Amino acid sequence: MRDAILHGGASVRRRAIAKAITLLESTRAQHRAQGDALLTALLPYTGKSLRLGFSGVPGVGKSTLIEALGLYLIDQGRRVAVLTIDPSSSISGGSILGDKTRMEKLSMHERAFIRPSPSSGTLGGVAEKTREAMLVCEAAGYDIVIVETVGVGQSEVAVAGMTDMLVLMQLPNAGDDLQAIKKGVLELADLVLINKADIDADAVTRAKAQISSGLQLMEIHGHASAHPQPQAAGAQRAAHWQPRVIASSALHGQGIDTLWTAVREFQTLQMANGAFHTRRQNQALAWMWERIDAGLKQSFKNHPAVRRQLPQLSAAVQSGQIAASTAARHLLAAAAVGEAPTD
């Protein structure tokens, strides 16, 4: 599989990538070991792509915009991989995985690879194995890797921890500047893209002014606290990227060149001031601790003492006989020493 990913032809390589991601997403212990070995073998060939994250509410046009951008980049000789995340049902656990059908032209191109994955209960708008899937695509030679988040609104912050640049897509009539600031993902956005600009030009103008005002407020507050001297704050802003707001109409292919120009300017500046490399280093460490947290949670659930006491304590919490925090403390103690505390 490694050789097919690294050296196979277009069709062979795409099949190998799909199989590799399926292997990495498997929950079987044997498959996890195989996936770890494959990832280790591919790691020396990763890290050379530009990783872009696209977030925004459902209906903002993420898939349409990504397809337009992907085709634009392919025309420039680039290879594009798109990882889309589909929400999993909290009732059935299933996912539609239909985002690929929205990118019909891009999905058929031999220089593109599109992979929908279920969120499977993972918070933050991404899937558990999105980072691993990104590395596989990088090893296969895709120089642009795009992650499209679930699209739930205010909680899609995890994608900012795995991409080089986060693009937040907004609708022209998405609320006032206060509503924009309230969206926690706005302060993490490197670029705000107001899509569907062809519908209402006046609304786009208002939205650009309002969101720009919100970005400036957060920018001034952040630098004022970090740099008491105005001169130091000014120098800091000049050396670092200042998030901007642009408009587009993905349906009509308008604004795609402006978007890509902003992305290239961001990448150039981040590379020059060292922030690009630092961001990736911090993301790698955060990824390690995230996997540790997930592993500890799984080990906790499988601990014999916890499994013995969990049904009784769960029933006690549901019936109101014991507080949830107290039950949690008992289970944590059981996992630590093999039995619940006696006090």
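Computed from a predicted structure; not experimentally measured.

Time to look at the side chain of Ser-248. Within the fold, Ser-248 resides in the loop between strand E7 (244-247) and helix H11 (256-273). If we ignore the near neighbours within four places in the chain, the residues touching Ser-248 are Leu-65, Leu-193, Ile-194, Asn-195, Lys-196, Ala-197, Gln-254 and Gly-255.

Note on placement: Arg-279 falls in helix H12 (residues 275-302). The exposure class of Arg-279 is buried, given its relative accessible area of 18%. Those residues in contact with Arg-279, other than ones at most four positions away along the chain, are Ala-160, Thr-163, Asp-164, Met-165, Leu-166, Asp-190 and Phe-266. For Arg-279, the side chain forms a polar contact with the main-chain oxygen of Asp-164, separated by 3.0 Å.

For the rest of this paragraph, the subject is the nonpolar core. The nonpolar side chains of a soluble globular protein tend to be buried, and buried together. Judged by nonpolar contacts, the single largest core of 41 residues is most densely connected at Ile-17, Val-136 and Cys-137. Among all residues touching Cys-137, those that are not within four sequence positions of it are Ile-17, Ala-81, Leu-83, Phe-113, Tyr-142 and Val-145. Counting 33 residues, the second-largest nonpolar core is a separate cluster that includes Ile-66, Val-80, Ile-146 and Phe-276.

Here the focus is the pattern of salt bridges. According to the stated counting rule, one finds 10 salt bridges in the structure shown. Note that Asp-164 and Arg-280 form a salt bridge whose closest N and O atoms lie 2.6 Å from each other. Here Arg-280 lies in helix H12 and Asp-164 lies in the loop between strand E4 (144-148) and strand E5 (165-170), a separation of 116 residues in the sequence. Each member of the pair, Asp-164 together with Arg-280, is buried.

For E5, the tally of buried residues reaches 6 of 6 residues, placing the bulk of the element in the interior. By the alternation rule, side chains of E5 split into Met-165, Val-167 and Met-169 and Leu-166, Leu-168 and Gln-170, which are all buried. With 5 bridges connecting them, strand E1 (residues 50-56) and E5 associate as parallel partners. Bridging from a neighbouring strand, Leu-52 pairs with Met-165 of E5.

Attention shifts here to a nonpolar patch on the surface. A cluster of nonpolar side chains, namely Leu-285, Met-288, Trp-289, Ile-292 and Leu-296, defines an oily patch on the protein surface of about 510 Å² accessible area. Tracing the sequence through the fold places Trp-289 in helix H12. We classify Trp-289 as exposed; its relative accessible area is 51%.

Cut-offs used in this document
Numbers given for residues are sequential positions, taken from 1 along each chain in its written order. Local features in a predicted model are, by the rule used here, given only for residues with pLDDT of at least 70; side-chain atom pairs are given and counted only at 80 or more, and totals for whole chains, interfaces and linings are based on all residues. Neither water nor hydrogens contribute to the side-chain values; these are computed over all heavy atoms in the structure. Working definition: helices are DSSP H or I runs of at least four residues, strands are E runs of at least two. Numbering for both runs from the N terminus. Whether two residues are in contact is decided by their heavy atoms: any pair within 4.5 Å suffices. Partly exposed residues are those whose accessible area sits between 20% and 50% of the maximum for their type, while under 20% is buried and over 50% is exposed, using a 1.4 Å probe and protein chains only. Identification of polar contacts relies on pairs of N or O atoms within 3.5 Å, with a donor-acceptor requirement for protein atoms, meaning one able to donate a hydrogen and the other able to accept it, and with residues adjacent in sequence counted only if both atoms are side-chain atoms. We define the nonpolar core as a collection of buried residues of types Ala, Val, Leu, Ile, Met, Phe, Trp, Tyr and Cys that are connected through side-chain atoms lying within 4.5 Å of one another. A side-chain nitrogen of Lys or Arg and a carboxyl oxygen of Asp or Glu constitute a salt bridge if their distance falls within 4 Å. If DSSP finds at least two bridges between two strands, the strands pair. Like-charged residues are merged into a patch within 9 Å and nonpolar side chains (Val, Leu, Ile, Met, Phe, Trp, Tyr) within 5 Å, provided each residue has over 30% relative accessible area and no salt bridge. Residue exposure ignores everything except the shown protein chains as possible cover, and the areas themselves are Shrake-Rupley values with a 1.4 Å probe.

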